[in-house]
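This is what each chain is made of:
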Amino acid sequence: MRHSELWERMEKHLGGGYAPVWADQQVLAELGGRTVTEALDAGVAPKTVWRAVCAALELPASER
């Protein structure tokens, strides 16, 4: 998964205006207590980040 695909999926589920805010503020245990932005900046793979987002948003398995 590319970064652009991650952001497209996040915008689909959170909205274009809210996705970046959520990514900067929501701390996820699955990402080692980091936000989406912090995890990506630290080099965590976008697919790993997306799985953590799916868990946090309780998205169905079909979205993973």
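Residues numbered from 1 in each chain as written. Predicted model: local features only at pLDDT ≥ 70, side-chain atom pairs only at ≥ 80, totals over all residues. Heavy atoms only, no water.

Points about unusual backbone geometry
Selection rule: Numbering of helices and strands runs from the N terminus; a helix is a DSSP stretch of H or I covering at least four residues, while a strand is a stretch of E covering at least two. When accessible area is computed with a 1.4 Å probe and restricted to protein chains, residues below 20% of their type maximum are described as buried, those above 50% as exposed, and intermediate ones as partly exposed.
Positive phi, normally seen in glycine, also occurs at Glu58, with a value near 55°. By the element assignment, Glu58 lies in the segment after α4 (46-57). Residue class for Glu58 comes out exposed when judged on its relative accessible area of 70%.

Looking at the packing of helix α1 (residues 3-14) against helix α2 (residues 18-25)
Pairs of packed helices are described in terms of their axes, by the angle between the two and the distance that separates them. Threshold: Between N-to-C directions, angles cover 0 to 180 degrees, with each direction set by a line fitted to C-alpha atoms, over the stretch in contact for helices. Each angle receives one of four descriptions, namely roughly parallel if under 35 degrees, roughly antiparallel if over 145, roughly perpendicular if within 65 to 115, and oblique otherwise. Residues are treated as being in contact if the distance between any of their heavy atoms lies within 4.5 Å. Charged means Asp, Glu, Lys or Arg here, nonpolar means Ala, Val, Leu, Ile, Met, Phe, Trp, Tyr, Cys or Pro, and polar covers whatever is left, Gly included.
Their axes nearest at 8 Å, the elements α1 and α2 cross at an angle of 105°. As judged from the angle between their axes, α1 and α2 are roughly perpendicular. From α1, Trp7, Met10, Glu11 and Leu14 reach across to α2, where they touch Tyr18, Ala19, Pro20, Trp22 and Ala23. Of the residues belonging to the contact of α1 with α2, the class tally is eight nonpolar, no polar and one charged.

Focus on the side chain of Thr35
So the rule is basically this: We call two N or O atoms a polar contact when they sit within 3.5 Å, provided that within protein one can donate a hydrogen and the other can accept it, with sequence-adjacent residues counted only if both atoms are side-chain atoms.
Tracing the backbone shows Thr35 in the loop between α2 and α3 (36-41). The class of Thr35 is buried, set by a relative accessible area of 4%. A polar atom in the side chain of Thr35 sits 3.5 Å from the backbone oxygen of Ala23. If sequence neighbours within four positions are ignored, Thr35 has contacts with Ala23, Asp24, Gln25, Gln26 and Val27.

Let's talk about the environment of Arg34
Structurally, Arg34 is set in the loop between α2 and α3. On the accessibility criterion, Arg34 (29% relative accessible area) is partly exposed. For the pair Arg34 and Leu14, spaced 20 residues apart in sequence, the C-alpha separation works out to 19 Å. Aside from chain neighbours lying at most four places away, what touches Arg34 is Gln26, Val27, Leu28, Ala39, Ala42 and Val44.

Some words on α1
Threshold: Take the residue count of a helix, subtract one, and multiply by 1.5 Å to get its expected span. As used here, the arc belongs to the directions running from the helix axis to the C-beta atoms.
For α1, which comprises 12 residues, the first-to-last C-alpha distance of 16 Å matches the rise-based estimate of 16 Å (1.5 Å per residue) to within 8%. Leu6, Met10 and Leu14 are the residues of α1 that are buried. On an axial view of α1, the arc spanned by its buried residues comes to 45°, and they lie on one face. Every exposed residue of α1 that faces more than 90 degrees away from the buried side is listed here: Glu8 and Lys12. Structurally, α1 contributes buried residues whose contacts are with α2, α3 and α4. Phi for Gly15, located one or two positions after α1, is positive at around 95°.

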